[in-house]
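Residue-level listing of the chains:
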Amino acid sequence: MSILQLIEPEIKDLGGFIARRSLPYPNHQMVGPFIFFDQLGPSVLPAGKGIDVRPHPHINLATVTYLFEGALMHRDSLGTVQEIQPGAVNWMTAGTGIVHSERSPDADRRQEATIHGIQTWVALPAEHEETDPEFTHYPAEVMPTWAENGVVIKLIAGQASGYTSPVKVFSPILYLDMNLSANTHFTIPTDYSERAVYGVTEGLSLNDEPLAPYHLAILEPGSEVIISSTADARCVVIGGEPLGDHYKWWNFVSSRPERIEQAKADWRDGHFATVPDETESIPLPEVVTEANPFS
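Residues numbered from 1 in each chain as written. Predicted model: local features only at pLDDT ≥ 70, side-chain atom pairs only at ≥ 80, totals over all residues. Heavy atoms only, no water.

### Notes on the overall build of the protein chain
As a reminder, the rule being used: Strands here mean DSSP runs of E at least two residues long; helices mean DSSP runs of H or I at least four residues long; both are numbered from the N terminus. Just to be clear, the radius of gyration here is over C-alpha atoms, and the globule rule we use is 2.2 Å times residues to the power 0.38. Note on classification: 1.4 Å probe, protein chains only; a residue is buried when its accessible area is under 20% of the maximum for its type, exposed when over 50%, partly exposed between these limits. Contacts are residue-level and defined by heavy atoms, with any inter-residue pair within 4.5 Å sufficient. For the accessible areas, the method is Shrake-Rupley and the probe is 1.4 Å, while residue cover comes only from the protein chains on display. Charge assignment in this entry is limited to Lys and Arg as positive and Asp and Glu as negative, and neither His nor the chain termini are counted. One atom stands in for each charge, and that atom is NZ of Lys, CZ of Arg, CG of Asp or CD of Glu.
Summing up its helical and strand segments, the protein chain has 2 helices and 25 strands in all. By the compact-globule yardstick of 19 Å for 295 residues, the protein chain fits well, its C-alpha radius of gyration being 18 Å. Viewed in the frame of its principal axes, the protein chain has a C-alpha envelope of about 55 × 45 × 35 Å. Expressed as a percentage of the 295 residues in the protein chain, the buried residues total 54%. Across the protein chain, the fraction of contacts at a sequence separation of at least 24, relative to all contacts at a separation of at least 6, is 72%. Surface exposure of the protein chain reaches about 12,200 Å², of which carbon and sulfur atoms provide 48%. Here the protein chain contributes 18 positive and 39 negative side-chain charges, whose respective centroids are spaced 7 Å apart.

Spelled out as structure tokens, the structure:
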């Protein structure tokens with residue numbers, strides 16, 4: 001078998017906005033450096049409505065936003081204001097600590113709008129956890145994109161097929177967005193110790209075994225896995241090298257439990273920097289649940 005584990009995501013309906021969370025999973029916390037994996041939508045937001053993820057903190061990780069449809073406006077405590085559109089990448093390194101919000105742009109609120117994409121968190125190696133916070137936007141046109149056997153591949157982060165993403169990373173990582181035409185195939189690179197495939201649509205198979213949409217297939221290390229399609233289909237491939245034990249509590253990720261305790265106190269006591277022009281924030285929860293797509 002080429003599939004080590006098949007993860008069915010936890011589904012949350014947040015007032016018409018659907019989030020499907022595959023990582024962390026109870027007995028499979030990470031894939032390479034990826035410690036959090038959400039599919040956002042696809043959800044149709046009626047005119048006058050929008051996504052409003054209020055300011056909240058992160059430490060010792062990087063958040064990665066990638067959209068298939070729609071738009072989001074990012075604001076953070078560095079003073080960044082950046083709208084992201086489909087195909088672009090927002091990479092935010094939290095490091096010592098950062099606060100940000102994600103909201104629907106005003107133009108999208110004035111009309112019916114679809115939101116659909118992937119939100120991931122990437123853990124940082126211990127030696128980089130306390131790096132300075134940083135935000136970088138990578139437009140869609142700078143991301144390496146190529147075709148193989150009728151499959152159009154976009155390299156979001158890392159290296160594959162001789163291409164290197166411009167996204168600054170801190171450890172070996174693989175992140176691909178793949179669009180397959182009907183009856184096409186692609187062999188997943190074996191250069192990384194840990195790999196997984198997420199089915200965004202129907203019509204996909206791994207070594208001729210159907211992959212249901214919205215499922216994350218954890219692959220056997222070193223196995224040759226061929227993705228094929230019976231119809232036009234889309235999937236995401238993630239992977240990389242393991243980073244050892246990391247802990248997640250709410251928005252905080254670290255290799256050190258005591259660092260998370262410090263971050264809790266800092267947020268509760270108002271010691272994080274604030275986001276300019278934002279007047280609200282998400283308070284520190286008393287009990288952590290998986291109820292927020294960006295939590």
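### Things to note about the sheet that holds strand S12 (residues 134-138)
Applied cut-off: Two strands make a pair as long as DSSP finds a minimum of two bridges between them. Orientation is described by axes fitted as lines to C-alpha atoms, over the contacting stretch for helices, and by angles from 0 to 180 degrees between their N-to-C directions.
Reading across from one edge, S2-S3-S4-S11-S6-S9-S12 is the order of the 7 strands in this open sheet, with antiparallel pairing throughout. Only two strands of the sheet have a single neighbouring strand rather than two, namely strand S2 (10-13) and S12. The average undirected angle you get between the axes of adjacent strands in this sheet is 15°.

### Digging into the environment of Asp 269
Mapped onto the fold, Asp 269 is located in the segment after helix H2 (257-268). For Asp 269, a relative accessible area of 47% puts it in the partly exposed group.

### A word on the pattern of salt bridges
It is possible for side chains bearing opposite charge to pair when their charged atoms get close. Applied cut-off: Salt bridges are defined as contacts in which a side-chain nitrogen from Lys or Arg sits within 4 Å of a carboxyl oxygen from Asp or Glu.
Taken as a whole, this structure holds 12 salt bridges when the rule is applied. A salt bridge links Glu 129 to Arg 256; its shortest N-O distance comes to 3.2 Å. Here the residue Glu 129 occupies a position in the loop between strand S11 (113-123) and S12, and Arg 256 occupies one in the loop between strand S25 (252-254) and H2, the gap between them amounting to 127 residues. Relative accessible area serves as the criterion here: at 27%, Arg 256 is assigned to the partly exposed category. Where salt bridges share partners, they join Asp 52, Arg 103, Arg 109, Glu 278 and Glu 280 into one cluster.

### Brief notes about the nonpolar core
Let me state the cut-off plainly: Buried residues of nine kinds, namely Ala, Val, Leu, Ile, Met, Phe, Trp, Tyr and Cys, make up a nonpolar core once their side-chain atoms join them within 4.5 Å.
Among the nonpolar cores identified, the biggest contains 29 residues, and Leu 23, Val 89, Trp 91, Tyr 175, Val 236 and Ile 238 are the most heavily contacted of them. Considering each element in turn, this core owes the most residues, 4 residues, to strand S6 (residues 61-69). Setting aside residues up to four positions removed in sequence, Ile 238 forms contacts with Leu 23, Val 31, Phe 34, Phe 37, Leu 174, Tyr 175, Glu 194, Arg 195 and Ala 196. Counting residues in each nonpolar core, the second largest holds 24 residues, with Trp 146, Tyr 192, Val 197 and Val 225 among its members.

### Let's talk about the environment of Pro 105
Structurally, the position occupied by Pro 105 is in the loop between strand S10 (98-103) and helix H1 (106-109). Residue Pro 105 is classed as buried on the basis of its relative accessible area of 5%. Placed 22 residues apart in sequence, Pro 105 and Glu 83 show a C-alpha to C-alpha distance of 7.5 Å. What Pro 105 contacts, discounting residues up to four positions off in sequence, is Ala 71, Leu 72, Met 73 and Glu 83.

### What about the sheet that holds strand S7 (residues 72-76)?
Read from one edge to the other, the open sheet built from 4 strands follows the order S5-S10-S7-S8, with strand pairing classed as antiparallel. At either end of the open sheet lies a strand with only one pairing partner, and these are strand S5 (52-58) and strand S8 (81-84). Within this sheet the neighbouring strands show an average axis-to-axis angle of 20°, counted without direction. In this structure, S5 lies alongside S10, joined through 5 bridges in antiparallel fashion. For Asp 52, the partnering residue across the bridge sits in S10 and is Arg 103.

### Things to note about the packing of aromatic side chains
The test is simple: Here the aromatic set is Phe, Tyr and Trp, taking the six-membered ring for Trp, and pairing holds for ring centres within 6.5 Å; pairs whose planes are under 30 degrees apart are stacked, those over 60 apart are edge-to-face, and all others are tilted.
Tallied over the entire structure, the rule returns 9 aromatic pairs. Summarising the aromatic geometry, the rings of Phe 37 and Tyr 198 are spaced 4.9 Å apart at their centres and angled 50° between planes, so their arrangement reads as tilted. Residue Phe 37 is found in strand S4 (residues 34-45), and its partner Tyr 198 is found in strand S18 (residues 194-199); the two are separated by 161 residues along the sequence. In terms of burial, Phe 37 and Tyr 198 fall into one category: buried. Between Tyr 66 and Phe 68, the ring centres sit 5.9 Å apart and the planes meet at 85°, which makes this aromatic pair edge-to-face. For the pair Tyr 66 and Phe 68, one class covers both residues: buried. Grouped by ring-pair contacts, the aromatic residues Trp 249, Trp 250, Phe 252, Trp 267 and Phe 272 constitute a single cluster.

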